[in-house]
Amino acid sequence: MTLTQSVSAAQQKPSVDHLMDTPLSQLLAEFSVDVSILEAGLGFTGGTYVRDDGSVLFVRPAGRPDVEWEMMARAMLGRLLRVPMPQLPEPYRLTVMRDGI
């Protein structure tokens, strides 16, 4: 199932509260997001890749704090779903390399 199909199945865009309050593992399952762990430098806090078939892969850096991953994964999911999320605290930010969704 692709992210678009997951959102269509819900028939509406999720609320900010849903994305902020639902356990992360449940959110990732709900939107069929795969997660891969990658050894990365200190400046990398996560990434998103939308595959050609529309499925979504989140890349989680190994060894980073769980709270950081929670924050970044929720921000990335909100961005993909076009849900206006709270601003990330400094020094975090989302950088869009290619916005094809």
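The structure presented is a predicted model; accordingly, all values stated were derived computationally and were not measured. (Residues numbered from 1 in each chain as written. Predicted model: local features only at pLDDT ≥ 70, side-chain atom pairs only at ≥ 80, totals over all residues. Heavy atoms only, no water.)

S.K.: Please clarify how the packing of aromatic side chains should be interpreted in this entry.
M.R.: All chains considered together, the criterion is met by 1 aromatic pair. Plain terms: the ring middles of phenylalanine 58 and tryptophan 69 are 6.3 Å apart, the flat faces sit at 85° to each other, and that makes the pair edge-to-face. Of the two residues, phenylalanine 58 sits in strand 3 (residues 56-61) while tryptophan 69 sits in helix 4 (residues 66-81), which places them 11 residues apart along the sequence. Exposure remark for tryptophan 69: the relative accessible area of 6% places this residue in the buried category. (Phe/Tyr/Trp six-rings, centres within 6.5 Å; stacked < 30°, edge-to-face > 60°. Helix = DSSP H or I, 4+ residues; strand = E, 2+ residues; numbered from the N terminus. Buried < 20%, exposed > 50% of the residue type's maximum accessible area, 1.4 Å probe, protein only.)

S.K.: Please clarify how the layout of surface pockets should be interpreted in this entry.
M.R.: Leftover empty space is mapped by rolling, across the atoms, a probe with the size of a water molecule. Here the largest pocket is characterised by a volume of approximately 830 Å³. Of all the secondary-structure elements, those providing two or more residues to the lining of the largest pocket are strand 2 (47-50) and helix 4. The biggest single contributor to the lining of the largest pocket is helix 4, with 5 residues. (1 Å grid on protein atoms, 1.4 Å probe; cavity = no way out; pocket = protein on both sides within 12 Å on 5 of 7 lines; lining within 4 Å. Points joined across faces, edges and corners; volume = space filled by probe spheres on them.)

S.K.: Can you help me understand the confidence of the model for the protein chain in this one?
M.R.: Detailed reading of predicted coordinates is not advised where the pLDDT is low. Chain-level statistics for the protein chain give a pLDDT mean of 87 and a share of 85% at 70 or above. Here helix 1 (residues 3-10) is the element of the protein chain with the lowest mean pLDDT, 52, and helix 2 (residues 16-21) is the one with the highest, 97. (pLDDT = per-residue confidence, 0-100.)

S.K.: So what exactly am I meant to see when it comes to unusual backbone geometry here?
M.R.: Peptide bonds are, in most cases, trans, and in most cases residues other than glycine have a negative phi. Of note, the amide linkage connecting glutamate 90 to proline 91 takes the cis form, showing an omega dihedral of 5°. Relative to the assigned elements, proline 91 resides in the segment after helix 4. Residue serine 32 is not a glycine yet carries a positive backbone phi of 50°. Following the sequence through the fold, serine 32 ends up in the loop between helix 3 (24-30) and strand 1 (33-38). On the basis of relative accessible area, serine 32 is assigned to the partly exposed category, the value being 26%. The residue arginine 82 is not glycine, and still its phi comes out positive at about 60°. A relative accessible area of 47% places arginine 82 in the partly exposed class.

S.K.: Please clarify how the pattern of salt bridges should be interpreted in this entry.
M.R.: Pairing between side chains of opposite charge can happen when their charged atoms approach one another. Enumeration according to the criterion identifies 4 salt bridges in this entry. We note a salt bridge from arginine 51 to aspartate 34, for which the minimum N-O separation is 2.8 Å. Taken together, the residues span a long stretch of sequence, with arginine 51 in the loop between strand 2 and strand 3 and aspartate 34 in strand 1 at a distance of 17 residues. The class of arginine 51 is partly exposed, set by a relative accessible area of 27%. (Salt bridge = Lys/Arg side-chain N within 4 Å of Asp/Glu carboxyl O.)

S.K.: Would you mind showing me how to read the environment of tyrosine 92 here?
M.R.: Within the fold, tyrosine 92 resides in the segment after helix 4. The spacing of tyrosine 92 and phenylalanine 44 is 48 residues in sequence and 9.9 Å in space, taken between C-alpha atoms. Excluding its chain neighbours within four sequence positions, the residues that come into contact with tyrosine 92 are Thr45, Glu68, Met71 and Met72. A polar contact of 2.7 Å, which involves the side chain of tyrosine 92, links it to the side chain of glutamate 68. (Contact = heavy atoms within 4.5 Å. Polar contact = N/O pair within 3.5 Å; in protein donor to acceptor, adjacent residues only side chain to side chain.)

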